[in-house]
Amino acid sequence: MSDIQTEAKKLFPGTVHDTPGGGVMLGALEDVINWARSNSLWPLVFGTSCCAIEMMSTASAKYDFSRFGFEVTRATPRQADLIIISGTIVNKMAPVLKRLYDQMADPKYVIAMGACATSGGPFFYNTYSVVKGADHVIPVDVYVAGCPPRPEALLHAMITLQEKIKAGSKRERINIDGTKIK
Amino acid sequence: MTREDLQASLTERAPGAPFDEGGQWPTINPSAEAWPELARMLREDPLYRFDYLFCLTAVDWKTHLTVVYHLRSLSLGHTLVVKIKLDRTTPRVRTVCNIWRTAELLEREVRELFGVEFLEHPDPRNLILPDVWEGFPLRKDYEDPVNMIKL
């Protein structure tokens, strides 16, 4: 069997059985669904500050993230399943971010890109207007360090998120009224 | 006009405004009372023709406030900086909205962040802060125990 086929067998969550007239793949449904979700995460167009420039450069030709499945960045949260918080979140922007996150359909994931979204960054001390970390507003899955992080770092974070999804989300998430989401 | 020519000409026409040495652009320091007439002259006089106010900010030295205007002439190509020293308790200076219209927005910002009152401003609302904000955030003695973490 060629190298590509052995590689494909490792990446796809299931075992391939060669039967005459083609092959049959057997796998757990949960694994197949997670594999499909992680390989087609569509991000929302959300950039507030300088990290947005690095995100745009990750999206364009040199460090393309659409080869990992993040093909289309949607302008509407209703059609997106990933929000990359690139930039500073100020007190005036926090309710807007919460509203966008609420409008996204489950399953949704969040990457906090850069120092400002992680903890307030350079604006942690002595400022009256910056939220000290986007996780005060919405739950975050992956944090990326950097000010701004290089495109390679953002790609590493996106691949980490894909691996987190493929491993099955063991993190408990709860609804607004306190009931658990499966 | 070159820097030396501008400096010589302004020392002659505006004697009450001493020059600052050094700095990237020539700087004058008029008083707040002399500023309206000087501004009108800087805009309209054919030697100067400063028609572009490209920056209007304030600085909080702990003893006083300074309002800084950056002026440029697009036709003649020279730049000038004007610094006006203001008292901290009642910082008041006349608006230049009728001379350079961009000052409408720039002065609104300086007013909400520093508390400098611009007399006869046509629309003194807050620009970026919410309307119910109390205090002047960019002053050195601003305290905000809810949001600010002090270093």
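Counting restarts for each chain, with residues numbered from 1 along the sequence as it is written. Labels are handed out in written order, letters beginning with A for the chains and numbers beginning with 1 for the ligands. Per-residue local features are limited, in this predicted model, to residues with pLDDT of at least 70; the limit for side-chain atom pairs, both in listing and counting, is 80 or more; totals at the level of whole chains, interfaces and linings are taken over all residues.

> Mind showing me how you'd approach the overall build of chain B here?
Strands are runs of DSSP state E lasting at least two residues, helices are runs of H or I lasting at least four, and both sets are numbered from the N terminus onward. Counting its secondary structure elements, chain B contains three helices and seven strands. Ordered by position from N to C terminus, the α and β elements of chain B give α-β-β-α-β-β-β-β-α-β. Here the C-alpha coordinates of chain B stretch approximately 50 × 30 × 25 Å along the principal axes. Here chain B holds 151 residues, and 23% of them are scored as buried. Each residue is represented by a C-beta atom placed from its backbone, and any two residues with such atoms within 7 Å are regarded as in contact. Within chain B, residue pairs in contact and separated by at least 24 positions form 44% of the contacts whose partners lie at least 6 positions apart. Residues with at least 20 neighbouring C-beta atoms inside 10 Å of their own are called buried, those with 12 or fewer are called exposed, and the rest are partly exposed, where every C-beta is derived from the backbone.

> Which parts of the structure should I look at to understand the packing of helix α3 (residues 50–59) of chain A against helix α6 (residues 151–166) of chain A?
The description of two helices packed together rests on the angle between their axes and the distance between the axes. Residue and element names in this part refer to chain A. The geometry of α3 relative to α6 is characterised by a closest axis approach of 9 Å and an angle of 75° between their N-to-C directions. The angle between α3 and α6 places the two elements in the roughly perpendicular class. Contacts between α3 and α6 involve E54, M55, S57 and T58 from the first element and P151, L154 and L155 from the second. Of the residues in the contact of α3 with α6, the class split is four nonpolar, two polar and one charged. As a rule, the C-alpha atoms of each element are fitted with a line to give its axis, helices using only the stretch in contact, and angles between N-to-C directions run from 0 to 180 degrees. Each angle gets one of four labels, with under 35 degrees taken as roughly parallel, over 145 as roughly antiparallel, 65 to 115 as roughly perpendicular, and the rest as oblique. For this scheme, ten residues count as nonpolar: Ala, Val, Leu, Ile, Met, Phe, Trp, Tyr, Cys and Pro. Four count as charged, namely Asp, Glu, Lys and Arg, and the remainder, Gly too, count as polar.

> When you look at the sheet that holds strand β3 (residues 43–44) of chain A in this model, what are you seeing that I'm missing?
Paired through their backbone hydrogen bonds, the strands of a sheet run either parallel or antiparallel. All names here are of chain A. DSSP-based pairing: two strands are paired if at least 2 bridges between them are found. Pairing is parallel across the open sheet formed by four strands, whose spatial order is β3-β4-β5-β6. The open sheet has two edge strands with one neighbour each: β3 and β6 (142–144). Pairing analysis gives five bridges linking strand β4 (residues 82–86) to strand β5 (residues 109–113), with the strands arranged parallel. Note on β5: the bridge partner recorded for L82 is Y109. This element, α6, spans β5 and β6 of the sheet and lies at about 170° to β6.

> Looking at this structure, I do not really get the sheet that holds strand β3 (residues 52–61) of chain B. What am I missing?
Here we have five strands laid out as an open sheet, ordered β1-β2-β5-β4-β3 (chain B), and mixed in their pairing. The open sheet has two edge strands, β1 (19–20) and β3 of chain B, and neither has a second partner.

> Where do I start with helix α3 (residues 103–114) of chain B in this structure?
An α-helical segment advances 3.6 residues per turn. Residues three or four places apart therefore align on the same side. Residue and element names in this part refer to chain B. One fewer than the residue count of a helix, multiplied by 1.5 Å, yields its expected span. Taking 1.5 Å per residue, 12 residues should reach 16 Å; α3 reaches 15 Å between its end C-alpha atoms and fits that length. Residues A103, L106, E107, V110, R111, E112, L113 and F114 constitute the buried set of α3. Those residues of α3 hidden inside the fold are in contact with β3, β4 (64–72) and β7 (117–119). Note on α3: the residue one or two positions beyond its end, G115, has a positive phi of about 85°.

> Sorry if this is basic, but what is going on with the packing of helix α2 (residues 29–38) of chain A against α6(A) here?
All names here are of chain A. At their nearest, the axes of α2 and α6 sit 8 Å apart, and the two run at 160° to each other. The pairing of α2 with α6 is recorded here as roughly antiparallel in orientation. For α2 against α6, the interelement crossing comes out right-handed. Where α2 approaches α6, its residues N34, W35, R37 and S38 are matched on the opposing element by Q162, I165 and K166. Definitions for this section: a left-handed crossing has its near helix turned counterclockwise from the far helix by less than a right angle. A right-handed crossing has that turn clockwise.

That is the geometry; function is a separate question.
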